[in-house]
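# Analysis of the macromolecular model
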Amino acid sequence: MHAYQRDFLDLALRRDALRFGEFTLKSGRISPYFFNAGRFDSGADLAALGSAYAASVLASDIGFDMLFGPAYKGIPLAAATAVTLATKYDRNVPVAYNRKEAKAHGEGGMLIGAPLAGRVLIVDDVITAGTAIRESLALIHAHGATPCGVLIALDREERGQSTLSAAQEVSAEFSIPVLAIARLTELLTLTQNNPTLALHHARLAEYRQQYGV
């Protein structure tokens with residue numbers, strides 16, 4: 001596990017963004033863990049999160065020209081990532097995001113920020129049904145730009161409606177990589193090696209055995 005992955009999971013645990021227990025998902029499955037990026041709600045949290053996103057995308061060596069944050073959670077995530085890329089890695093990239101509904105007055109339209117151009121990396125928290133990602137991909141294509149990948153915080157690595165995970169379905173359908181700061185794989189490693197979290201490891205492993213990809 002990379003240091004940025006461990007730092008991200010540690011942050012998620014401290015901020016209660018990552019919790020263990022019994023959680024009923026939209027799919028009806030009873031999950032032994034739950035992730036809620038909305039718990040990262042301070043300047044320090046966003047700074048740490050931006051560092052994790054930036055380190056993850058740079059470690060992947062993917063080529064990109066700008067970032068796009070889908071409304072709503074993707075907006076601060078893309079902004080935090082762009083700030084870290086500029087201040088820590090001396091890479092100043094444009095950022096854009098969308099509205100849920102088009103604005104009829106003022107500047108109008110669906111987009112805010114830099115014009116969509118070149119290779120666009122989508123930054124979001126998770127992929128569940130993939131609806132927000134598909135809408136983002138359509139918007140990027142409509143403006144003549146090229147989606148080059150999706151970067152999320154946590155990949156649950158579990159089957160969706162098919163034998164593939166939601167992330168794998170998006171990757172296969174649109175021929176773009178889906179990157180994640182951390183996955184269930186790293187979470188299993190963390191719980192296995194951390195004595196205070198060891199009691200959760202067996203349930204996570206059982207869940208992966210039942211629903212994992």
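Residues numbered from 1 in each chain as written. Predicted model: local features only at pLDDT ≥ 70, side-chain atom pairs only at ≥ 80, totals over all residues. Heavy atoms only, no water.

Identification of the protein as Orotate phosphoribosyltransferase from Pseudolysobacter antarcticus is taken from an unreviewed UniProt entry. In its Pathway (unreviewed entry) section, UniProt records this for the protein: "Pyrimidine metabolism; UMP biosynthesis via de novo pathway; UMP from orotate: step 1/2." (UniProt positions renumbered as here; feature names shortened; annotations may be inferred.)

## A few points about the overall build of the protein
The secondary structure content of the protein amounts to seven helices and eight strands. Taking 213 residues into account, the globule formula puts the C-alpha radius of gyration at 17 Å, and the protein, at 17 Å, falls close to it. By principal-axis analysis of the C-alpha atoms, the protein measures approximately 55 × 40 × 30 Å. The buried share of the protein, taken over its 213 residues, is 47%. When contacts within the protein are restricted to residue pairs at least 6 apart in sequence, long-range pairs at least 24 apart make up 69% of them. As displayed, the protein offers around 10,400 Å² of accessible surface, 52% of which is attributable to carbon and sulfur atoms. With 20 positive and 21 negative side-chain charges, the protein shows a separation of 2 Å between the mean positions of the two kinds. (Helix = DSSP H or I, 4+ residues; strand = E, 2+ residues; numbered from the N terminus. Rg over C-alpha atoms; globule rule 2.2 N^0.38 Å. Buried < 20%, exposed > 50% of the residue type's maximum accessible area, 1.4 Å probe, protein only. Contact = heavy atoms within 4.5 Å. Areas by Shrake-Rupley, 256 points an atom, 1.4 Å probe, with all protein chains shown as cover. Lys, Arg positive; Asp, Glu negative; His and termini not counted. Charge placed at Lys NZ, Arg CZ, Asp CG, Glu CD.)

## Considerations on helix H2 (residues 43-60)
The end-to-end C-alpha distance of H2, which contains 18 residues, comes to 26 Å, matching closely the 26 Å that a straight helix rising 1.5 Å per residue would cover. Of the positions making up H2, those classed as buried are Asp45, Leu49, Gly50, Ala52, Tyr53, Ala54, Ala55, Ser56 and Val57. Here the buried face of H2 lies against helix H1 (3-14), helix H3 (74-89), strand S6 (119-123), strand S7 (146-155) and strand S8 (178-183). (Expected span 1.5 Å × (residues − 1).)

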